[in-house]
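# An overview of the molecular structure
These are the residues of each chain, in order.
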Amino acid sequence: MEVLAVSTKLGFTSFGGPVAHLGYFHNEYIKRRQWMDDRSYADLVALCQFLPGPASSQVGIGIGVMRAGLLGGIAAWIGFTLPSLIALVLFAYLLHGFDIAQAGWIHGLKLVAVAIVAQAVLSMGQKLASGRSRATIAILAMAVALLWPTAWSQIIIMILSAIAGMMLYKANDSELPAIRVPVRRSTATGSLILFVVLLILLPVLASSGSSHWLSVFDSFYRSGSLVFGGGHVVLPLLEREIVPAGWLSKGEFLAGYGAAQAVPGPLFTFAAYLGALMGGWFGAVVATLSIFLPAFLLVVGALPFWDMLRKRPGIQGALAGVNAAVVGILIAALYSPIWTSTILDGTDFAMAAILFACLAFWKAPPWLVVIIGALGGWLVSLFQAV
């Protein structure tokens, strides 16, 4: 119940996309509740960056698993996902056709994301990118991410940073805190096997045309299995699966994008909007479960082996490089798309600075900062309209 309660609070307040979610997680799970140490959290983030799927959701699932086993992972996912799922289904029913992307309170939530990511960059950078060599890896990773913004660039950055880390850091950290994963390795192996079997078998079964919802499950499962680079990358994959099949028009598909940006939680819950248009609440549940299932299977499959691997000297060096690169990717994401699409004038900068101060110096809880940001954005839009 503890995991469900905390993750549900995050599900209601975590605006700003996957990079901002990592900042919310770090503040709530690590700094406030100390469920993990900073090093173990950074290693978990690094692992999830390598896995396909929604990285922030996978980090949340991983923390839930390590806190309370498989049920903890399920509870963490439900709590973080359910608020945005419900909101997007309601958007599909009630707000379809309305333009909410330009609302003042939405802009205020984007300013909250600026503050959250800035705090995460500062906090993680001090721990993971200190020293000349790690700072250099972080800056180079940032430069590559900005100059080559593709879905594959992040994977290449991680691989090159891991190689650099293995070359630069040879020490064996015998004091590395153990990651307790209450999942049997046989269960982990079964999860990985099930992931592969479903990826191969579902298209075969769906090709028979015997069940519409089996085809839907296959399309969303494959989309969730093949995404590297965050939730935004899944949109073109889903569009290629759904629109040509005639399940939704292109206009209907694009209509929910603004709503997906407006709600907290993972962008993958955009699948709930699509499923609701195809089949109401049943369709929303099918689409959501199928797109997140690969992420859950991969995290459960990888975690029991991860603690053993991360204690090897070569892997420790690789993780040092990858963790520095994660800081660089956070800096790149802070600039684009978060900063460039949000900080439009001096008023925006002033509000973002105030929100950052609330988090970093006044230690205000994130839910309060979210409320302040939304109210501030709404008030500014009112003054600008006068």
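Look a little higher up for the structure.
All values reported here derive from a predicted model rather than from experimental measurement.

### Side note on the pattern of salt bridges
Summed over all chains, the structure comprises seven salt bridges. In this structure, K9 and E28 form a salt bridge, with 3.2 Å as the shortest nitrogen-oxygen distance. Of the two residues, K9 is situated in helix 1 (residues 2-13) and E28 in helix 2 (residues 18-32); the sequence distance between them amounts to 19 residues. The class of K9 is partly exposed, set by a relative accessible area of 25%.

### A short note on a nonpolar patch on the surface
Nonpolar side chains collect at one region of the surface, where F50, V144, L146, L147, W148, I156, I159, L160, I163, M167, L168 and Y335 lie side by side and expose about 1200 Å² of accessible area between them. For the nonpolar patch, the secondary structure elements donating two or more residues are helix 6 (132-147) and helix 7 (153-168). The greatest single-element share of the nonpolar patch, amounting to six residues, is contributed by helix 7.

### Observations concerning helix 16 (residues 366-385)
Spacing of three or four residues puts side chains on the same side of an α-helix, whose turn is 3.6 residues. For helix 16, with 20 residues, the first-to-last C-alpha span of 29 Å sits near the 28 Å given by 1.5 Å per residue. Burial in helix 16 covers these residues: P366, V369, V370, G373, A374, G376 and G377. All buried residues of helix 16 project into a common sector of 165° when viewed along the axis, lining one side. Tucked into the core, helix 16 has its buried residues touching helix 1, helix 2, helix 5 (104-128) and helix 15 (346-360).

### Some words on the packing of helix 5 against helix 15
It is at 8 Å that the axes of helix 5 and helix 15 come closest, and there the two elements cross at 50°. What the angle tells us is that helix 5 and helix 15 run oblique. Helix-helix and strand crossings are classified by hand; for helix 5 and helix 15 the assignment is right-handed. Across the interface between the two elements, H107, L111, V112, V114, A115, I116, A118, Q119 and L122 from helix 5 touch D348, M351, A352, L355, F356, L359 and A360 from helix 15.

### Here's the deal with the nonpolar core
Core analysis: the largest hydrophobic core is formed by 116 residues, its most contacted members being V59, F220 and L274. Among the elements that line this core, the one with the most residues is helix 13 (residues 270-310), at 20 residues. Once residues within four sequence positions are removed from consideration, V59 is found in contact with L22, F25, Y41, L44, V45 and C48.

### Looking at the packing of aromatic side chains
Counted by the stated rule, this structure contains eleven aromatic pairs. When the ring of F356 is compared with that of F361, the centres are 5.9 Å apart and the planes differ by 90°; the resulting orientation is edge-to-face. F361 gets classed as exposed once you look at its relative accessible area, which sits at 58%. By the ring-pair criterion, three or more aromatic residues cluster together here, those being F25, Y29, W35 and F80.

Criteria and thresholds
Residues numbered from 1 in each chain as written. Predicted model: local features only at pLDDT ≥ 70, side-chain atom pairs only at ≥ 80, totals over all residues. Heavy atoms only, no water. Salt bridge = Lys/Arg side-chain N within 4 Å of Asp/Glu carboxyl O. Helix = DSSP H or I, 4+ residues; strand = E, 2+ residues; numbered from the N terminus. Buried < 20%, exposed > 50% of the residue type's maximum accessible area, 1.4 Å probe, protein only. Patch = residues over 30% accessible without salt bridge, like charges linked within 9 Å, V, L, I, M, F, W, Y side chains within 5 Å. Areas by Shrake-Rupley, 256 points an atom, 1.4 Å probe, with all protein chains shown as cover. Expected span 1.5 Å × (residues − 1). Arc of directions from axis to C-beta. Contact = heavy atoms within 4.5 Å. Axes fitted to C-alpha atoms, helices over the stretch in contact; angles between N-to-C directions. Parallel < 35°, antiparallel > 145°, perpendicular 65-115°, else oblique. Left-handed = near helix turned anticlockwise from the far one by under 90°. Core = buried A, V, L, I, M, F, W, Y, C linked by side-chain atoms within 4.5 Å. Phe/Tyr/Trp six-rings, centres within 6.5 Å; stacked < 30°, edge-to-face > 60°.

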